[in-house]
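Notes for the structure review
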Amino acid sequence: MVVLSVPAEVTVILLDIEGTTTPIAFVKDILFPYIKENVKEYLQTHWEEEECQQDVNLLRKQAEEDSHLDGAVPIPAASGNGADDPQRVIQAVVDNVCWQMSLDRKTTALKQLQGHMWRAAFKAGSMKAEFFEDVVPAVRKWREAGMKVYIYSSGSVEAQKLLFGHSTEGDIHELVDGHFDTKIGHKVESESYRKIASSIGCSTNNILFLTDVTREASAAEEADVHVAVVVRPGNAGLTDDEKTYFSLITSFSELYLPSSA
Ligand SMILES: CSCCC(=O)C(=O)COP(=O)(O)O
Ligand SMILES: [Mg+2]
């Protein structure tokens, strides 16, 4: 088995979700289709609620920022004229959400609505999050060795908590010390990792970030965070240069913590 030694200065392990703890197939084949199939009905049912209106306002702001992009779908403000007005706005929100999802965009606005929509499915028990089988045992071991474990995903903090609270392994939320999402900054921007370190109260070089996306790994590395790229079934392939440059692991069990020896 390949072993990657964790530098002694590392006290925090920061985990990506999709492609790292969780199969991309779970996200693409279960989580995302749920949104596409249910978004219209969800908006119709919850339209008058404060949370839903906040989500729509955030999506509208994002749509304004996106107006220069090819195929962007604007979201009109409700004019208040006529009974069909909400239906017209709802259809625009549905089209906007589907357009963003067709590009796998990671905007905070899209991720916030998705998190709110998944809540019902997870709480009803009709959806359970999948984790690779090495994840839970490894995280338990790291924590026993004194490591702190945090999550940094484009999925909203609320969605992350749903996944860890309702998994095929049961409620495993206690394995995580804290969560970060794109509200702290995008995962391909090195400043996000500096802000995460500052929020945790450590130096960036005390963090080891595990992710499947090399652009995220490069951004973290630029901030002096240690990184390893996680190679899982179904993940995007890496170039030869990426394979040579980055430390690679195929399972969390390949990480060796000197402190746990
Ligand atoms: C709570 S994660 C749901 C999946 C998701 O929406 C997503 O964008 C995952 O992105 P990641 O940063 O974990 O690769
Ligand atoms: Mg990922």
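Above: the structure in question.
In short, a report on the structure. As the structure is a prediction and not an experimental result, all values here were calculated from the model. (Residues numbered from 1 in each chain as written. Chains lettered and ligands numbered in written order. Predicted model: local features only at pLDDT ≥ 70, side-chain atom pairs only at ≥ 80, totals over all residues. Heavy atoms only, no water.)

1. Let's talk about the environment of Val188
If you trace the backbone, Val188 turns up in the loop between strand E4 (178-180) and helix H7 (190-200). Spatially, the C-alpha atom of Val188 lies 19 Å from that of Met101, the residues being 87 residues apart in sequence. Residue contacts for Val188: discarding those within four places in its chain leaves Arg215, Glu216 and Ala219. (Helix = DSSP H or I, 4+ residues; strand = E, 2+ residues; numbered from the N terminus. Contact = heavy atoms within 4.5 Å.)

2. Describing the packing of aromatic side chains
One pass over the structure, following the stated rule, counts eight aromatic pairs. With a centroid separation of 6.4 Å and an interplanar angle of 45°, the aromatic rings of Tyr152 and Phe209 are classed as tilted. Within this pair, whereas Tyr152 is found in strand E3 (residues 148-152), its partner Phe209 is found in strand E5 (residues 207-211), the two being separated by 57 residues in sequence. Pair check on accessibility: Tyr152 and Phe209 agree, each one buried. A network of ring pairs unites the aromatic residues Tyr152, Tyr193 and Phe209 as a single cluster. (Phe/Tyr/Trp six-rings, centres within 6.5 Å; stacked < 30°, edge-to-face > 60°. Buried < 20%, exposed > 50% of the residue type's maximum accessible area, 1.4 Å probe, protein only.)

3. Re the pairing of strand E6 (residues 226-230)
Of all the five residues making up E6, four are buried; the element is thus mostly covered by neighbouring parts of the structure. Bridging between E5 and E6 involves four bridges; their strand directions are parallel. The partner of Leu208 across the bridge, within E6, is His226. Handedness of the crossover is the feature at issue here: the chain leaves E5, passes through helix H8 (residues 214-222), returns alongside E6, and the resulting connection is right-handed. Of the strand pairs in this sheet, E6 and strand E7 (residues 248-249) are connected by two bridges, and their pairing is parallel. Each bridged residue has a counterpart across the sheet, and for Val229 the counterpart in E7 is Leu248. One crossover worth recording links E6 to the parallel E7 by way of helix H9 (residues 240-245), and it is right-handed. (Pairing = 2+ DSSP bridges. Right-handed = clockwise from strand over helix to strand, strands pointing away.)

4. Some thoughts on the environment of Lys183
Along the chain, Lys183 turns up in the loop between E4 and H7. Once residues within four sequence positions are removed from consideration, Lys183 is found in contact with Thr108 and Gln112.

5. Side note on the site of ligand 1
Surrounding ligand 1, one finds 17 residues, the nearest of these being Asp16, Lys111, Ser153, Ser154 and Lys187. Here ligand 1 loses 99% of its free accessible area of 400 Å² to cover by the protein chains. Put simply, ligand 1 lies in the largest pocket. (Near = heavy atom within 4 Å. Areas by Shrake-Rupley, 256 points an atom, 1.4 Å probe, with all protein chains shown as cover. 1 Å grid on protein atoms, 1.4 Å probe; cavity = no way out; pocket = protein on both sides within 12 Å on 5 of 7 lines; lining within 4 Å. Sits in = over half its atoms within 2 Å of the grid points.)

6. Digging into the layout of surface pockets
Space inside the largest pocket adds up to approximately 500 Å³. Forming the boundary of the largest pocket are 27 residues, of which Glu18, Lys106, Ser154, Lys187 and Glu216 lie nearest the centre. At the level of elements, helix H1 (24-46), helix H4 (108-123), helix H6 (157-165) and H8 are the ones that each hand at least two residues to the lining of the largest pocket. Of all the elements, H1 adds the most residues to the lining of the largest pocket, at five residues. By residue class, the composition of the lining of the largest pocket is ten nonpolar, seven polar and ten charged. (Points joined across faces, edges and corners; volume = space filled by probe spheres on them. Nonpolar A, V, L, I, M, F, W, Y, C, P; charged D, E, K, R; others polar.)

This is a description of form; function is not addressed.
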